[in-house]
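Residue-level structural notes
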Amino acid sequence: MRTVSLVTVALLSVLYVNSAAAAFNNVDCTSAANLSALGIPQGDCVALEAIWDSTGGASWTDNTHWDDLAWPVDLWFGVNVAADRVSTISLASNNLIGTLPEELGNLTELTQLNLQANQLTGPIPIQLGSLTGLLVLLLDHNQLNGAIPTELGLLTALTRLDLDHNELSGTIPTQFQNLTALTRLTLASNRLSGTVPDLTALALGVLNRFGFSGNRFVFADYETEYVVYRDNTTFD
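One structure accompanies this document, and this report is about it. Values in this document were obtained by computation on a predicted structure and should not be read as measured data.

**Side note on the overall build of the protein chain**
Each helix and strand in the protein chain was counted, giving 4 helices and 13 strands. Per-residue burial for the protein chain yields a buried fraction of 47% across its 236 residues. Within the protein chain, residue pairs in contact and separated by at least 24 positions form 56% of the contacts whose partners lie at least 6 positions apart. Element-wise, carbon and sulfur atoms account for 51% of the exposed surface of the protein chain, whose accessible area totals about 10,000 Å².

Right, here's the structure in full:
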């Protein structure tokens with residue numbers, strides 16, 4: 001099995017605390033007073049600002065309390081905080097238009113990221129591989145493209161990974177063999193091809209959904225998985 005390079009690990013360990021664009025008008029992520037009012041550290045603030053900036057936050061369907069110092073971050077729409085760290089983000093079907101920022105890698109206590117059914121384009125950032133406590137990652141029904149990052153194979157706590165209905169290409173990373181906690185994996189309706197790596201260790205007896213259809217696979221590419229899981233898993 002291929003391993004993630006030391007260079008990649010080093011890259012994932014970098015905390016992105018310098019935002020290239022001052023997207024927030026009212027919140028300053030470099031101000032200690034602002035961070036105290038928001039109830040989160042600088043890196044988390046920078047990540048939220050980057051999401052706002054790169055996906056057109058001012059035009060979201062619901063952006064209640066975002067960029068408002070009068071409200072702590074755990075009252076911002078779609079954001080939950082636990083122990084002073086951003087723990088979940090749920091902005092599904094919220095008119096996010098743009099790309100996923102690399103600063104998402106700052107959110108190292110995140111357990112759920114739900115950005116499904118928006119208009120997100122561009123690649124999936126490799127920095128998501130630093131979110132090793134992530135349990136649920138939902139990026140489906142967007143227009144994300146490029147290869148699936150091998151770094152997602154570092155997210156060994158994941159129980160659900162939905163990447164279907166995008167424009168992803170290339171192969172399924174061999175590193176997905178590490179995701180043994182998965183009970184749901186949907187990759188349908190992309191442009192993926194090639195032999196599927198041996199995924200038969202993924203929560204055998206628990207896995208309830210494999211989504212492979214609408215790609216460029218042939219049955220022989222995932223026949224092994226089908227034979228192992230066909231009695232208790234929905235294939236589509």
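From this point, things continue past the structure.
**Some thoughts on the nonpolar core**
Residues Ile89 and Leu137 are the most contacted members of the largest nonpolar core, which totals 55 residues. Those elements that place two or more of their residues in this core are α2 (32-38), α3 (42-54) and β2 (85-90). If one sorts the elements of this core by residue count, α3 sits on top with 6 residues.

**Considering the sheet that holds strand β11 (residues 191-192)**
With parallel pairing, 5 strands are arranged side by side in an open sheet as β3-β5-β7-β9-β11. Bordering the open sheet on either side are β3 (97-99) and β11, each of which pairs with just one other strand. Of the pairings in the sheet, the one linking strand β5 (residues 119-122) to strand β7 (residues 143-147) comprises 2 bridges and is parallel in character. Across the sheet, residue Thr121 finds its bridge partner in β7, namely Gln143.

**Considering the pairing of β2**
Extensive coverage of β2 is indicated by the burial of 5 of its 6 residues. Note: strand β1 (residues 79-82) against β2, 4 bridges, orientation antiparallel. Residue pairing in the sheet places Ala82 in a bridge with Arg85 of β2. Between β1 and β2, which pair antiparallel in sequence order, lie 2 residues; one of them, Ala83, sits at a positive phi of approximately 50°. Relative to strand β4 (residues 112-114), β2 is paired through 3 bridges, and the arrangement is parallel. Counted as the bridge partner of Ser90 is Asn114 from β4.

**As for unusual backbone geometry**
Here the phi dihedral of Asp67 falls at roughly 60°; this positive angle occurs in a residue that is not glycine. On the secondary structure map, Asp67 appears in the loop between α3 and β1. Overall, the relative accessible area of 6% leaves Asp67 in the buried class. One non-glycine residue, His141, adopts positive backbone phi at about 55°. Mapping His141 onto the fold places it in the loop between β6 (136-138) and β7. Look at His141 and you get partly exposed, because its relative accessible area is 38%.

Basis of the calculations
Residues numbered from 1 in each chain as written. Predicted model: local features only at pLDDT ≥ 70, side-chain atom pairs only at ≥ 80, totals over all residues. Heavy atoms only, no water. Helix = DSSP H or I, 4+ residues; strand = E, 2+ residues; numbered from the N terminus. Buried < 20%, exposed > 50% of the residue type's maximum accessible area, 1.4 Å probe, protein only. Contact = heavy atoms within 4.5 Å. Areas by Shrake-Rupley, 256 points an atom, 1.4 Å probe, with all protein chains shown as cover. Core = buried A, V, L, I, M, F, W, Y, C linked by side-chain atoms within 4.5 Å. Pairing = 2+ DSSP bridges.

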